[in-house]
Amino acid sequence: MTIQFHDETFRDDYTFHNSPEGIRRFPFPFDQDSYMYSVNLEPHAGGKAGSPFEKRFDVDEHYVAEMRDRAITLAEDPLRCQSLPHMELAGWDFLELVMVSKSEDYPELFMLNRDGDRWHWINRPLGIEQRFTFLDATTLPCGPMEYITRQTQGDHALLDQRDGNLWMDAGMVTSQADWSLDFDIGMNFFEWHAPVPKAHELGVFQRALKFLLNLQQGAPSRRLNWTMTVNPRLDTSPENYHKWGPEKRTVAPGNVGAKQYLRVELQTLWRLPRSNAIAFPIRCYLCSLEDLVTVPKWGRRLHRVLRDLPDELAEYKGFAVNRPVILDYLAPFDDGAPTSPGIFPD
Amino acid sequence: MPRTEFSPSITSRPVYPGLTPQGATPAIMLAEGPGAEAILDLAALDASVMDLAHLIYIPAGHDAGLRLAALGAKMYREAPSYASALERYRKALADARMGTTLYLAGSEGMIGQAVAEALAAGLPPEAIQTEHRGTIARRMQCVHCKGVTENVTIDPFLCSHCGLTLFVRDHFSRRLGAFQGVCVDAETPGIVPEVQEIKP
């Protein structure tokens, strides 16, 4: 398998695009024709060949361009990457997890040689070669979490576990669905989820926390989350909301298929060995409506899900204002036929 | 001025359960404005709380200094503002021994900053008691420019740093001691909802 890395942008001229294979492997998040919050966790123990669930840290055709976009965002706002002082060990844990996983899962792209604590890392797609001493931060150009997350798609939070709670004490967050690491760093599980409507009343967070506190090393979990984004923009941060907000109002019947994207997060959760922290990668996948409807099952189902979604959730997910235009676009792709169970194309 | 009753809100919004005397243990007390009444009520419940207390009072236009001074705290100090009291308060936190109780009473802005200082100094959360008295003005951080605007009583309001019009969220950061302000007309520049007074 050879990945053709795209030369594309996630801002300004928005040249991001999915290849036909990229569309087929898109992690469509709805396994039935309706949606409500749930603790939809399952073991992250591989998955269908070629799907984003197969490897521990999925690398796809957008890898190089996403890392370039992250570097732009960080140059504008270094506060997108922060680590409280007690989290450095967790950063090393995460660096090890990613380097070992990627070098084993993608040997043609990544190589790791370890001689005791003297490590040699090669990242071919990004043209990086680094010799360093494991657990010695002075031998890397930046902290271990920043170093490895500049080379790993998705946002990443490192959660400290203490007092029967999880604390978001470190993170690299440049492709977020409208939340601020700089504001939320140091918060516990209930605090950083506070703005989510309805889910607290459903007991979702109490159950999820209980599960996560017992997460075991070597048994990672995963779930999908989703929202809607206008234009293939990774940096939908609150920090820059006044810059990208106007774009949300540019959706019209003539352009909605191309401009409106379904944004899916593949969230994985990993217990880290030395720090006992949890690594929480939040990997973002984007697919335009016009690409989604090329899979008939997805066109039918997305129409039903978005049509029947409670107003409060449409508001929270930020597309209430565009919902009528979106539904008008999707309706012709929904012939009322039944859909098969599960998320994959027929 | 009695204790403020706030309407139910999201889980990151602080609650202020009120002060409960812990007896004659070492204590740091920070009172601002009508927060003085909370300290007076506390001492009326158990006068011994003052025996080992270091009490700092920021009058903020509410003149309760003489009554507070008469409580017989081990140390008593009036300060004209939170900023002027800050180094003394930090020293008190740094000197605090295990078993010290922190009593905070006053506005959300003062309590928010004082709690953030105390946590940063390593005080355990269970050693911190808070009671809200007086103004319901909020301390707001602009999520865009990161500047803090003090004493916000209206929604939306103008960021005193970057000038964007921000709406007042209930989302609160204990680390920053501030609520989050987010641009209200980001999607429709210039179209701003009618200004309202903040409610408790």
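What counts and how
- Residues numbered from 1 in each chain as written.
- Chains lettered and ligands numbered in written order.
- Predicted model: local features only at pLDDT ≥ 70, side-chain atom pairs only at ≥ 80, totals over all residues.
- Heavy atoms only, no water.
- Pairing = 2+ DSSP bridges.
- Helix = DSSP H or I, 4+ residues; strand = E, 2+ residues; numbered from the N terminus.
- Contact = heavy atoms within 4.5 Å.
- Axes fitted to C-alpha atoms, helices over the stretch in contact; angles between N-to-C directions.
- Salt bridge = Lys/Arg side-chain N within 4 Å of Asp/Glu carboxyl O.
- Buried < 20%, exposed > 50% of the residue type's maximum accessible area, 1.4 Å probe, protein only.
- Polar contact = N/O pair within 3.5 Å; in protein donor to acceptor, adjacent residues only side chain to side chain.
- Lys, Arg positive; Asp, Glu negative; His and termini not counted.
- Phe/Tyr/Trp six-rings, centres within 6.5 Å; stacked < 30°, edge-to-face > 60°.
- Lys NZ or Arg CZ within 6 Å of the ring centre and 35° of its normal.
- 1 Å grid on protein atoms, 1.4 Å probe; cavity = no way out; pocket = protein on both sides within 12 Å on 5 of 7 lines; lining within 4 Å.
- Points joined across faces, edges and corners; volume = space filled by probe spheres on them.
- Nonpolar A, V, L, I, M, F, W, Y, C, P; charged D, E, K, R; others polar.
- Domains from an automatic or database assignment.
- Buried area = accessible area lost by both parts, 1.4 Å probe.
- Core = buried A, V, L, I, M, F, W, Y, C linked by side-chain atoms within 4.5 Å.

- You'll find chain B entered in an unreviewed UniProt entry as Oxidoreductase, with Paenirhodobacter ferrireducens given as the organism.

- As annotated in an unreviewed UniProt entry, chain A carries the name DUF3445 domain-containing protein and is attributed to Paenirhodobacter ferrireducens.

### A short note on the sheet that holds strand β10 (residues 278–288) of chain A
Residue and element names in this part refer to chain A.
- Spatial ordering of the open sheet is given by β1-β8-β9-β10-β6-β7-β2, a layout of 7 strands whose pairing is antiparallel. Looking along the sheet, the strands with just one partner apiece sit at the ends: β1 (42–43) and β2 (81–83).
- Looking at chain direction, β2 and strand β7 (residues 165–172) are connected through 3 bridges and run antiparallel. Paired with Ser83 across the two strands is Ala170, which belongs to β7.
- Where helix α7 (residues 204–213) meets the sheet, it contacts β6 (155–162), β7, β8 (221–230), β9 (260–271) and β10, and its direction lies at approximately 80° from that of β7.

### Brief notes about the sheet that holds strand β4 (residues 101–106) of chain B
Residues and elements named next belong to chain B.
- Spatially, the 5 strands line up as an open sheet ordered β3-β2-β1-β4-β5, and their pairing is parallel. Every interior strand has two partners, whereas the edge strands, β3 (75–78) and β5 (128–132), have only one. Sheet twist, expressed as the average angle between the axes of neighbouring strands with direction ignored, equals 10°.
- Across 6 bridges, strand β1 (residues 27–32) lies against strand β2 (residues 53–58) in parallel orientation. The partner of Leu30 across the bridge, within β2, is Ile56.
- Running at roughly 140° to β1, helix α1 (residues 35–45) makes contact with β1, β2, β4 and β5 of the sheet.

### Quick word on the pattern of salt bridges
Residues and elements named next belong to chain A.
- Applying the stated criterion across every chain, the model contains 41 salt bridges over all chains.
- Taking the shortest distance from any N to any O, the salt bridge between Glu76 and Arg11 comes out at 4.0 Å. Here Arg11 lies in the segment before α1 (20–24) and Glu76 lies in helix α2 (residues 63–76), a separation of 65 residues in the sequence.
- By relative accessible area, Glu76 is classed as exposed at 54%.
- Since its relative accessible area comes to 11%, Arg11 is described here as buried.

### As for the side chain of A:Ser51
All names here are of chain A.
- For Ser51, the location among the structural elements is in the loop between β1 and α2.
- Looking at Ser51, the relative accessible area reads 5%, which means it is buried.
- Within the structure, the side chain of Ser51 is placed 2.7 Å from the backbone oxygen of Lys48, a separation counted as a polar contact.
- Not counting the four nearest positions on each side in its chain, Ser51 is found in contact with Arg25, Asp58 and Phe344.

### Quick word on the side chain of A:Lys102
Residues and elements named next belong to chain A.
- Structurally, the position occupied by Lys102 is in helix α3 (residues 88–105).
- The side chain of Lys102 sits in the buried core without any salt bridge; Glu66 is the nearest counter-charge, 9.7 Å away.
- Here Lys102 is in contact with Phe57, Val59, Tyr63, Pro107, Phe110, Trp121, Gln151 and Thr152, once residues within four sequence places are set aside.

### Regarding the packing of aromatic side chains
- As enumerated under the stated definition, the model contains 27 aromatic pairs over all chains in all.
- Centre to centre, the rings of A:Phe5 and A:Tyr63 are 6.1 Å apart; their planes meet at 55°, and the pair counts as tilted. Highlighted residues: A:Phe5 in the segment before α1 and A:Tyr63 in helix α2, separated in sequence by 58 residues.
- Residue classification places A:Phe5 among the partly exposed positions, given a relative accessible area of 27%.
- Residue class for A:Tyr63 comes out buried when judged on its relative accessible area of 0%.
- By the ring-pair criterion, three or more aromatic residues cluster together here, those being A:Phe26, A:Phe28, A:Phe30, A:Tyr35, A:Trp226, A:Trp298 and A:Phe319.
- Sitting over the face of the ring of A:Phe344, A:Lys48 holds its NZ or CZ atom 4.2 Å from the ring centroid.
- Cation over ring: B:Arg138 sits above B:Phe179, and NZ or CZ is 4.2 Å from the ring centre.

### Remarks on empty space enclosed by the protein
All names here are of chain A.
- As enumerated under the stated definition, the model contains 3 cavities of 30 Å³ or more in all.
- Of the residues belonging to the lining of the largest cavity, the class tally is 6 nonpolar, 5 polar and 5 charged.
- The volume enclosed by the second largest cavity comes to roughly 60 Å³.
- Around the second largest cavity, the lining residues are Phe10, Phe16, Asn18, Asp60, His62, Glu66, Gln153, Leu234, Arg283, Cys284, Tyr285 and Leu286.
- Examining the composition of the lining of the second largest cavity, we find that 4 residues originate from one element, β10, more than from any other.

### Things to note about the domain arrangement of chain B
All names here are of chain B.
- Here chain B is described as being made up of domain 1 (27–132) and domain 2 (138–197).
- Taking only C-alpha atoms, the centre of domain 1 and the centre of domain 2 are 28 Å apart.
- Every contact between the two is made by 6 residues of domain 1 and, on the other side, 8 residues of domain 2.
- Counting the surface lost from both domain 1 and domain 2, the interface buries some 530 Å², and carbon and sulfur atoms represent 61% of this.
- Of all residues in domain 1, Glu108, Gln113 and Ala116 bury the most surface against domain 2, accounting for 58% of the area lost on that side.
- Where domain 1 meets domain 2, there are 0 salt bridges.
- Our count for the contact surface shared by domain 1 and domain 2 stands at 0 residue pairs in polar contact (both at pLDDT 80 or more).
- The residue makeup of the side of domain 1 that touches domain 2, split by class, is 2 nonpolar, 3 polar and 1 charged.

### Here we look at the layout of surface pockets
- Estimates place the volume of the second largest pocket at around 580 Å³.
- What lines the second largest pocket is a set of 20 residues, among which A:Arg162, A:Trp167, A:Gly186, B:Leu119 and B:Arg174 lie closest to the centre.
- Of all the secondary structure elements, the ones that give two or more residues to the lining of the second largest pocket are β7 of chain A together with α4 (108–120) of chain B.
- Top element by residues in the lining of the second largest pocket is α4(B). It accounts for 3 residues.
- Taken together, the residues of the lining of the second largest pocket sort by class into 10 nonpolar, 4 polar and 6 charged.
- Here the lining of the second largest pocket spans two domains, and each of domain 1 (27–132) and domain 2 (138–197) of chain B adds at least three residues to it.

### Brief notes about the nonpolar core
Residues and elements named next belong to chain A.
- By size, the foremost hydrophobic cluster in this structure holds 57 residues, and its most contacted members are Phe26, Trp226, Leu262, Leu292, Leu302 and Leu306.
- Ignoring any residue separated from it by four or fewer positions in sequence, one finds Leu262 in contact with Phe26, Phe28, Pro29, Phe30, Trp226, Thr227, Met228, Tyr285, Leu286, Cys287, Leu292 and Leu302.
- Among the nonpolar cores identified, the runner-up in size contains 37 residues, and Phe57, Val98, Leu112 and Ile148 belong to it.

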